[in-house]
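A closer look at the structure
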Amino acid sequence: MPIENIPQVYLADKSHTPDLFIYDFRMTSDVVKTKVNLGMHMFSFLQVGKKQIHFADTSVLVDNSQSLLIKQGNSLWTELLDNEDIYCCKLLFFSEKRLQDFLNHHLQGRKKPTETTPYFVIENDAYLLSYLNTLSTIATPSPASMAELLSVKFDELLLYLTNKYKTVFENYLLSLVSQEVSSFKKTVEQNVYSPLSLGEISFLCNMSLSTFKRHFINEYNATPGKWLREQRLVKAKELLAKGDKKSSDIYHELGYSNLSNFSSAFKNKFGMSPTEV
């Protein structure tokens, strides 16, 4: 699967990336687990459809009742139409430099948090709906005029969200300029029981599959395929032993494409079928 370099793919002038950039994204069919290299921080204002994003150690799913502020970096995007003919999402990209300008003016002297998540969920309200309408109207002036207006609107948005979410949002903004890439081991172990493939996990580690495999063997003294199968089958046995779930409930979430493959692997591992547990 090719990697989408965003927002570069949306820019008319590929040689220059502005500090602030708006893009209206639309599509007419579902797109599942696109590999995205997000080169700027981004607000995602979903207007029609659903969006799910897998990060190195977590995931998030939203519809048009919520918006997202997403930290730059690698992630997997799934975008769904949700009973509509077209998916619509307004994207607002901003550079770390432009964010730092805002922080220097409004949050100077505040200590940066040591931990953060790769996204912040924003509950949509009447103000934000009105704000999106104004973003649409400033796309028509000349480029120089639009850049100045967009800069004002960007500060307006951050000030509004700071007032709405107080210290929680302030800390998130501060964390965006003190990023720490998740460690290899943390990323792997956060996805042990996810349905992601080795290729998808290696992407979230910012590695090619071959590099990922070498790092994995050095870290765990086992091949990733074998190690993950072992961990997932042990987890499956624990879940089945509790009696709350059946094989059909858990095989996909533990990385198996069908029930037959799961049952066969389980029996090879434990000498009994899942139904015998």
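What you see is a predicted model; the values in this text were computed from it and never measured. (Residues numbered from 1 in each chain as written. Predicted model: local features only at pLDDT ≥ 70, side-chain atom pairs only at ≥ 80, totals over all residues. Heavy atoms only, no water.)

**Quick notes on the overall build of the chain**
The secondary structure content of the chain amounts to nine helices and 10 strands. The C-alpha extent of the chain, read off along each of the three principal axes, is 70 × 45 × 35 Å. Pairs at least 24 residues apart make up 75% of the contacts formed inside the chain by residues separated by at least 6 positions. Summing over all exposed atoms, the chain offers an accessible surface of approximately 14400 Å²; the carbon and sulfur share of this is 50%. (Helix = DSSP H or I, 4+ residues; strand = E, 2+ residues; numbered from the N terminus. Contact = heavy atoms within 4.5 Å. Areas by Shrake-Rupley, 256 points an atom, 1.4 Å probe, with all protein chains shown as cover.)

**A look at the pattern of salt bridges**
One pass over the full model with this rule turns up 10 salt bridges. Here K153 ties to E156 by a salt bridge, and the two come within 2.8 Å at their closest N and O atoms. Here K153 and its partner E156 are both found in helix α3 (residues 143-175), three residues apart, which amounts to about one turn of the helix. For K153, a relative accessible area of 13% corresponds to the buried category. Among the residues examined, E156 registers a relative accessible area of 27% and is labelled partly exposed. A salt bridge links E219 to K185; its shortest N-O distance comes to 4.0 Å. Taken together, the residues E219 in helix α6 (residues 209-220) and K185 in helix α4 (residues 184-190) connect sequence positions 34 residues apart. (Salt bridge = Lys/Arg side-chain N within 4 Å of Asp/Glu carboxyl O. Buried < 20%, exposed > 50% of the residue type's maximum accessible area, 1.4 Å probe, protein only.)

**Notes on the packing of aromatic side chains**
The description of an aromatic ring pair uses the distance of the two centres, along with the angle that the planes make with each other. Inspection of every chain in the model, using the stated rule, returns 24 aromatic pairs. Seen in terms of ring centroids, Y10 and Y23 are 3.9 Å apart; in terms of plane orientation they differ by 5°. Their pairing is stacked. In this pair, Y10 sits in the loop between β1 (3-6) and β2 (20-27) while Y23 sits in strand β2, placing the two residues 13 residues apart along the sequence. Using a relative accessible area of 27% as the deciding quantity, one classes Y23 as partly exposed. Residues F43 and F45 carry aromatic rings whose centres are separated by 5.7 Å and whose planes lie at 5° to one another, so their mutual orientation is stacked. Judged by relative accessible area, which is 0%, F43 ranks as buried. Three or more aromatic residues joined by ring pairs form one cluster here, namely F43, F45, F94, Y127, Y131, F154 and Y160. (Phe/Tyr/Trp six-rings, centres within 6.5 Å; stacked < 30°, edge-to-face > 60°.)

**As for the nonpolar core**
With 29 residues, the main nonpolar core has F43, L69 and L173 as its most contacted residues. Residue assignment for this core shows that the elements contributing at least two residues are β4 (41-48), β9 (87-94), α1 (96-106), β10 (119-123), α2 (126-137) and α3. Y10, F25, V60 and L91 belong to the second-largest nonpolar core, a separate cluster that totals 24 residues. (Core = buried A, V, L, I, M, F, W, Y, C linked by side-chain atoms within 4.5 Å.)

**Quick notes on the sheet that holds strand β7 (residues 66-70)**
Pairing is antiparallel in the open sheet, where five strands are placed in the order β2-β9-β4-β7-β10. Where the open sheet ends on each side, the last strands, each with one partner, are β2 and β10. Mean inter-strand twist for the sheet, computed between neighbouring axes without regard to direction, equals 20°. In this structure, β2 lies alongside β9, joined through eight bridges in antiparallel fashion. Opposite I22, over in β9, you have L92 as the bridge partner. Contacting β2, β4, β9 and β10, α2 runs over the sheet at an angle of about 80° to β9. (Pairing = 2+ DSSP bridges. Axes fitted to C-alpha atoms, helices over the stretch in contact; angles between N-to-C directions.)

**Concerning the pairing of strand β3 (residues 31-38)**
Across four bridges, the pairing between β1 and β3 is parallel. In the strand pairing of β3, N5 is matched with N37. Pairing of β3 with strand β8 (residues 73-80), which is carried by six bridges, proceeds in the antiparallel orientation. Among the inter-strand pairings, L38 is bridged to a residue of β8, identified as G73.

**Considerations on the environment of I86**
Within the secondary structure, I86 sits in the loop between β8 and β9. Remark: the alpha-carbon pair of I86 and S248, spanning 162 residues in sequence, is separated by 33 Å. Non-local contacts of I86, meaning those with residues more than four positions away in its chain, are made with R26, M27, T28, V48 and L81.

**Comments concerning the packing of helix α7 (residues 224-242) against helix α9 (residues 259-270)**
α9 packs onto α7 with a crossing angle of 95° between their chain directions and a minimal axis gap of 10 Å. Our classification of the angle between α7 and α9 gives roughly perpendicular. Note on element contacts: α9 touches α7 through F262, A265, F266, K269 and F270, opposite E230, L233, V234, A236, K237 and L240. In terms of residue class, the contact of α7 with α9 is made up of eight nonpolar, no polar and three charged. (Parallel < 35°, antiparallel > 145°, perpendicular 65-115°, else oblique. Nonpolar A, V, L, I, M, F, W, Y, C, P; charged D, E, K, R; others polar.)

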